[in-house]
Amino acid sequence: MTVVKLQSRPRIGDVVTLPQGKKIRVRNIGIPYVLPPAAACDDPLCPWHGHLKVRLKLLEVTVEKVRMHKAAVVVHEWVQYIPKYNRYERRRRRMRVRVPECIEVKPGDKVIIAETRPLSKTIAWVVIGRKEDVTEWKAKHETLQ
């Protein structure tokens with residue numbers, strides 16, 4: 001697989017030429033407040049440059065491990081209300097996610113992941129960007145926290 005660092009962040013619909021002469025188009029994944037990565041790849045399982053479709057279930061998670069090839073372990077933490085005790089408790093879930101080659105992540109990074117079709121026995125989520133790649137979105141009833 002080939003990854004090309006770009007001098008500026010591409011827009012949706014731009015065409016990027018790889019060193020072998022192959023042309024890659026930056027796709028619209030349907031999430032307007034997440035910007036495309038500043039690199040281009042020819043990975044077929046990349047939501048930005050390949051053919052992988054994402055569903056609209058998004059989570060903000062923290063990367064825990066990046067030891068697998070093109071995959072990582074992330075931790076999703078949330079707060080659950082317990083009505084019997086009138087209190088909240090913290091919950092966490094470790095998930096395996098697919099990391100496209102054009103997105104660089106390291107342990108401790110905050111990333112945005114989206115649900116996709118099952119890619120393996122344990123992977124059904126894909127990283128679509130880092131927290132720094134999120135812009136402000138002014139639509140009503142849509143918040144990403």
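Visitor: Explain the overall build of the protein chain residue by residue, including any values.
Guide: Secondary structure summary: the protein chain contains zero helices and nine strands in total. Beginning at the N terminus, the succession of helices and strands in the protein chain can be written as β-β-β-β-β-β-β-β-β. In terms of overall dimensions, the protein chain has a C-alpha envelope of 65 × 35 × 25 Å along the principal axes. For the protein chain, the residues scored as buried account for 40% of the 145 residues in total. Look at the contacts in the protein chain between residues 6 or more apart in sequence, and 54% of them connect residues 24 or more apart. Here the protein chain holds 30 positive side-chain charges and 15 negative ones, and the gap between their average locations is 5 Å.

Visitor: Could you give an account of the nonpolar core, with specific residues and numbers?
Guide: Among the nonpolar cores identified, the biggest contains 33 residues, and Ile31, Trp48, Val97, Ile113 and Ile128 are the most heavily contacted of them. Counting residues per element, the ones that place at least two in this core are β4 (39–41), β5 (54–65), β6 (71–82), β7 (87–98), β8 (110–116) and β9 (123–130). The dominant element in this core, judged by the number of residues it contributes, is β5, at five residues. Setting aside residues up to four positions removed in sequence, Val97 forms contacts with Lys70, Ala71, Ala72, Val74, Ile113, Ile123, Trp125 and Val127.

Visitor: Summarise a nonpolar patch on the surface; cite the residues concerned and give the values.
Guide: Where nonpolar side chains cluster on the molecular surface, the patch consists of Val79, Tyr81 and Tyr88 and spans about 340 Å² of accessible area. The residue Tyr88 is located in strand β7 in this model.

What counts, and where the lines are drawn
- Residues numbered from 1 in each chain as written.
- Predicted model: local features only at pLDDT ≥ 70, side-chain atom pairs only at ≥ 80, totals over all residues.
- Heavy atoms only, no water.
- Helix = DSSP H or I, 4+ residues; strand = E, 2+ residues; numbered from the N terminus.
- Buried < 20%, exposed > 50% of the residue type's maximum accessible area, 1.4 Å probe, protein only.
- Contact = heavy atoms within 4.5 Å.
- Lys, Arg positive; Asp, Glu negative; His and termini not counted.
- Charge placed at Lys NZ, Arg CZ, Asp CG, Glu CD.
- Core = buried A, V, L, I, M, F, W, Y, C linked by side-chain atoms within 4.5 Å.
- Patch = residues over 30% accessible without salt bridge, like charges linked within 9 Å, V, L, I, M, F, W, Y side chains within 5 Å.
- Areas by Shrake-Rupley, 256 points an atom, 1.4 Å probe, with all protein chains shown as cover.
- Salt bridge = Lys/Arg side-chain N within 4 Å of Asp/Glu carboxyl O.

These figures come from the coordinates and say nothing about function on their own.
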